[in-house]
Amino acid sequence: MANQYDLVVLGGGTAGYVAAIKASQLGMKTAVVESSKLGGTCLHRGCIPTKSFLKSAEVVSVMKNASAYGIDNETPTFEMKNIVDSKNKVVDQMYKGIHYLMKKHNIDIFEGHGRILGPSLFSPMAGTVAVEDPDDDEAESEILVNQNVLISTGSKPRELPFLPFDHDLVLSSDDMMELDDIPRRIAIIGGGVIGLEFASMLNDLGSDVTVLEAGDDILPDEDKEVSRTLKKSLSGRGIHFETGISLDENSIKVQDGSVKVSLDSEMAFDKVLVAVGRSPNIDDLGLTNTKIELDNGFIKTNEHYQTKNNHIYAAGDCIGNLQLAHVATKEAVNAVTHMADSDPYQLDYNHVPRCIYTSPEVASIGMTELQLKAQDISFKSHKIPLNTIGKAVIEGNENGFGKILVDPETKDILGVSLVGPKVTELINEVALAQFLDASALELGTSVHAHPSISEILMELGLDAEGMAIHV
Ligand code: NAI
């Protein structure tokens with residue numbers, strides 16, 4: 001017999017499980033279909049495990065550099081297996097938490113592959129979901145008839161056509177989750193967020209790291225001074241960069257158990273990590289049974305996250321706006337709120353914090369100078385070095401800075417970029433300021449605890465009115 005639901009969520013990652021909780025809070029009978037593990041990329045292969053690895057790397061770095069704090073240096077020793085175990089402990093705890101929340105909200109979980117059916121004897125509209133057992137073609141599918149579907153199937157690492165993942169020498173970020181050993185020499189293709197976080201971590205743990213980036217700069221979408229400053233800091237730690245490179249099947253080869261890269265000279269590596277973006281998981285979802293359209297390979301939605309079939313929504317990495325967990329959850333909550341005929345706060349993609357957990361950290365929000373210029377929007381830029389802030393100096397800041405871009409007329413905050421210790425926490429204050437429509441002066445006038453690194457935001461706000469104290 002078919003099961004009846006108000007909402008069936010395809011994919012129980014960050015977008016999907018949060019959508020299910022929201023739907024349950026709004027009184028909707030909800031099911032989640034998940035082919036792997038609840039929590040998705042963020043919990044099992046992305047945000048949480050990588051930050052746990054980065055924490056282990058930070059401990060190593062602090063021990064190596066202890067003399068900067070008047071403590072005798074200690075040479076840390078570690079086994080990768082124990083670092084992976086420590087990561088697994090965190091992941092397991094959060095995983096149990098999601099199961100608890102699903103139970104608490106009476107959400108039904110179906111394990112298997114969800115496929116959307118066209119109009120059928122179950123419903124005259126496309127959208128009924130069949131849950132298939134991927135290991136048993138003969139098994140009968142569970143049928144989930146519903147009022148609404150949310151597709152939140154996420155994304156997967158993008159492969160280079162001339163360098164397919166072999167999960168041994170050619171690795172994706174997924175493969176990094178269960179590393180047995182730290183590679184002695186590793187090439188990382190892609191100087192974006194994933195590539196640089198792994199570069200920072202592996203360097204702290206003792207790898208010889210080379211980043212191969214096609215663009216002229218690492219982090220091509222961030223402020224140019226941010227890219228240059230981060231590159232300088234990471235280079236200072238011994239990470240090697242090759243930018244503006246073009247790789248093909250002739251310049252990179254897997255040969256005799258190692259990876260050979262021929263650019264100006266030939267380099268050999270034990271492993272290569274490919275981090276050149278992520279593609280949507282949309283294969284085999286039954287999209288051809290619906291009117292759903294794609295845009296550049298991603299599922300196309302309107303501002304309410306509805307596809308061309310109004311009752312089928314999509315959110316998160318599979319729609320390809322900003323591929324960030326915190327964007328996915330907001331999109332999913334807004335989609336469900338719209339299903340329930342309520343009016344959600346529209347997500348302003350210009351008010352979304354972007355964080356890179358390298359050492360030093362990078363955090364930004366809003367537009368960069370280049371983006372403002374491209375759109376002919378006038379702005380004034382104010383930059384303050386972090387070495388004016390006592391707590392940042394204590395934390396070990398080298399080249400860090402804060403930059404604020406403001407509208408010269410209204411003094412609205414158009415963008416902020418930060419490089420330095422703990423800035424991934426600070427940027428949320430700017431997100432709140434933007435959400436509340438605070439001006440730069442209001443940011444600068446509000447009281448900030450001393451000593452705290454957040455004083456940089458107060459100084460930036462004041463500087464926008466020519467009133468900074470410590471510059
Ligand atoms: P990305 O788009 O951030 O960076 C990919 C980089 O690879 C770019 O710099 C690009 O120029 C370069 N590239 C592309 N093709 C290349 C080639 N053939 N050779 C050399 N370089 C090439 O993608 P990434 O780092 O894979 O991350 C995927 C998504 O996941 C991003 O949207 C990112 O924001 C998100 N993410 C966010 C995290 C966070 O918030 N801390 C952590 C990890 C991922």
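Computed from a prediction, not measured in an experiment: that's the story for all the values here.

Comments concerning the overall build of the chain
And step 1. From N to C terminus, the chain includes 12 helices and 24 strands.
And step 2. Whereas a compact globule of 471 residues would reach a radius of gyration of roughly 23 Å, the chain reaches 24 Å, a difference of no more than 12%.
And step 3. Along the three orthogonal principal directions, the C-alpha set of the chain runs to about 70 × 60 × 40 Å.
And step 4. The 471 residues of the chain split such that 52% are buried.
And step 5. Contacts spanning at least 24 positions in sequence make up 63% of the contacts within the chain whose residues lie at least 6 apart.
And step 6. For the chain, the accessible area works out to roughly 22300 Å², and carbon and sulfur atoms hold 49% of it.
And step 7. The positive charge centre, built from 39 side chains, and the negative charge centre, built from 69, are 3 Å apart in the chain.

What about the packing of aromatic side chains?
And step 1. Using the criterion set out here, one finds 2 aromatic pairs in the structure.
And step 2. Both rings, one in Tyr5 and one in Phe110, keep their centres 6.1 Å apart while their planes meet at 85°; by these two values the pair is edge-to-face. With Tyr5 in strand β1 (residues 3-10) and Phe110 in strand β3 (residues 108-111), the pair connects residues that are 105 residues apart, well separated along the chain.
And step 3. For Tyr5, a relative accessible area of 5% gives the class buried.
And step 4. Ring geometry for Tyr345 versus Phe435: centroids 5.3 Å apart, planes at 65°, classification edge-to-face. You can see Tyr345 sitting in the loop between α7 (325-339) and β20 (354-356) and its partner Phe435 sitting in helix α10 (residues 423-435), a full 90 residues away along the chain.
And step 5. The ring of Tyr5 carries Lys29 above its face, with NZ or CZ at 4.1 Å from the centroid.
And step 6. The ring of Phe401 carries the charged tip of Lys383 above its face, separated from the ring centre by 4.6 Å.

Things to note about unusual backbone geometry
Negative phi values dominate among residues other than glycine, just as trans dominates among peptide bonds.
And step 1. Cis geometry marks the peptide bond from Ser359 to Pro360, where omega comes out at 5°.
And step 2. Tracing the backbone through its elements, the reader meets Pro360 in the loop between β20 and β21 (361-366).
And step 3. Cis geometry is found at the peptide bond from His450 to Pro451, where omega equals -5°.
And step 4. Topologically, Pro451 is positioned in the loop between α11 (440-445) and α12 (455-463).
And step 5. A positive phi angle is found at Asp341, which is not glycine, with a value near 60°.
And step 6. Here Lys422, not a glycine, exhibits a phi torsion of approximately 60°, which is positive.
And step 7. Looking at where Lys422 falls in the secondary structure, it is placed in the loop between β24 (413-420) and α10.

Observations concerning the nonpolar core
And step 1. Leu144, Leu150, Ile151 and Ile299 are the most contacted members of the largest nonpolar core, which totals 50 residues.
And step 2. Sorting elements by how many residues they give to this core places helix α1 (residues 14-25) first, with 7 residues.
And step 3. Not counting the four nearest positions on each side in its chain, Ile299 is found in contact with Ile151, Ile282, Leu287, Ile292, Glu293, Leu294, Thr307, Ala314, Cys318 and Ile319.
And step 4. Formed by 34 residues, the second largest nonpolar core is a distinct cluster that contains Ala57, Ala199, Leu205 and Ile218.

Observations regarding the environment of Ile71
And step 1. Here Ile71 lies in the loop between α3 (47-64) and α4 (80-104).
And step 2. Residues Ile71 and Leu414, spaced 343 residues apart in sequence, show a C-alpha to C-alpha distance of 43 Å.

Some words on the UniProt feature "active site" (unreviewed entry) in the chain
And step 1. According to UniProt, the "active site" (unreviewed entry) feature falls on His450.
And step 2. Tracing the chain through its elements places His450 in the loop between α11 and α12.
And step 3. Overall, His450 belongs to the exposed group, its relative accessible area being 63%.
And step 4. Among the polar contacts listed, one links the side chain of His450 to the side chain of Glu455, at a separation of 2.8 Å.

A short note on the sheet that holds strand β9 (residues 185-189)
And step 1. Taken together, the 5 strands give an open sheet; going across it, the order is β8-β15-β9-β10-β11, and neighbouring strands pair in parallel fashion. Single-partner strands in this sheet number two, and they are β8 (170-171) and β11 (240-243).
And step 2. Taken together, the 5 bridges between β9 and strand β10 (residues 208-213) define a ladder with parallel strand orientation. Considered in β10, the bridge of Arg185 is made with Asp208.

Quick notes on the site of the ligand
And step 1. Neighbouring the ligand are 21 residues, the closest being Ile194, Glu197, Glu213, Gly277 and Cys355.
And step 2. The separation between a nitrogen atom of the ligand and a polar main-chain atom of Ala214 is 3.1 Å.
And step 3. For the ligand, whose accessible area on its own is 860 Å², the fraction buried by protein is 76%.
And step 4. Contributing elements (two or more residues each) for the shell around the ligand: α5 (193-204) and β10.
And step 5. Here the element with the most residues in the shell around the ligand is α5; it accounts for 3 residues.
And step 6. Class assignment of the residues belonging to the shell around the ligand gives a composition of 12 nonpolar, 5 polar and 4 charged.

Brief notes about the environment of Ser56
And step 1. Its location among the elements puts Ser56 in helix α3.
And step 2. Separated by 258 residues in the primary sequence, Ser56 and Ala314 place their C-alpha atoms 36 Å from one another.

Concerning the state of the cysteines
And step 1. Considering all chains together, one arrives at 0 disulfides under this definition.
And step 2. There is no disulfide at Cys42, and the cysteine sulfur nearest it, in Cys47, is 3.1 Å away.
And step 3. Cys42 gets classed as buried once you look at its relative accessible area, which sits at 17%.

A word on the pattern of salt bridges
And step 1. In this structure the tally under the stated criterion is 20 salt bridges.
And step 2. In this structure, Asp168 and Lys271 form a salt bridge, with 3.7 Å as the shortest nitrogen-oxygen distance. Linking Asp168 in the loop between β7 (155-157) and β8 with Lys271 in strand β15 (residues 271-274), this pair joins segments that are 103 residues apart in sequence.
And step 3. A relative accessible area of 45% places Asp168 in the partly exposed class.
And step 4. Measuring nitrogen to oxygen at the nearest pair gives 2.6 Å for the salt bridge that ties Lys403 to Glu225. Note that Lys403 is positioned in strand β23 (residues 401-406) and Glu225 in helix α6 (residues 224-236), a separation of 178 residues in sequence.
And step 5. By relative accessible area, Glu225 is classed as partly exposed at 24%.
And step 6. It is possible to trace a salt-bridge network through shared partners that takes in Asp223, Glu225, Glu369, Lys383 and Lys403.

Calculation notes
- Residues numbered from 1 in each chain as written.
- Predicted model: local features only at pLDDT ≥ 70, side-chain atom pairs only at ≥ 80, totals over all residues.
- Heavy atoms only, no water.
- Helix = DSSP H or I, 4+ residues; strand = E, 2+ residues; numbered from the N terminus.
- Rg over C-alpha atoms; globule rule 2.2 N^0.38 Å.
- Buried < 20%, exposed > 50% of the residue type's maximum accessible area, 1.4 Å probe, protein only.
- Contact = heavy atoms within 4.5 Å.
- Areas by Shrake-Rupley, 256 points an atom, 1.4 Å probe, with all protein chains shown as cover.
- Lys, Arg positive; Asp, Glu negative; His and termini not counted.
- Charge placed at Lys NZ, Arg CZ, Asp CG, Glu CD.
- Phe/Tyr/Trp six-rings, centres within 6.5 Å; stacked < 30°, edge-to-face > 60°.
- Lys NZ or Arg CZ within 6 Å of the ring centre and 35° of its normal.
- Core = buried A, V, L, I, M, F, W, Y, C linked by side-chain atoms within 4.5 Å.
- UniProt positions renumbered as here; feature names shortened; annotations may be inferred.
- Polar contact = N/O pair within 3.5 Å; in protein donor to acceptor, adjacent residues only side chain to side chain.
- Pairing = 2+ DSSP bridges.
- Near = heavy atom within 4 Å.
- Nonpolar A, V, L, I, M, F, W, Y, C, P; charged D, E, K, R; others polar.
- Disulfide = S-S within 2.5 Å.
- Salt bridge = Lys/Arg side-chain N within 4 Å of Asp/Glu carboxyl O.

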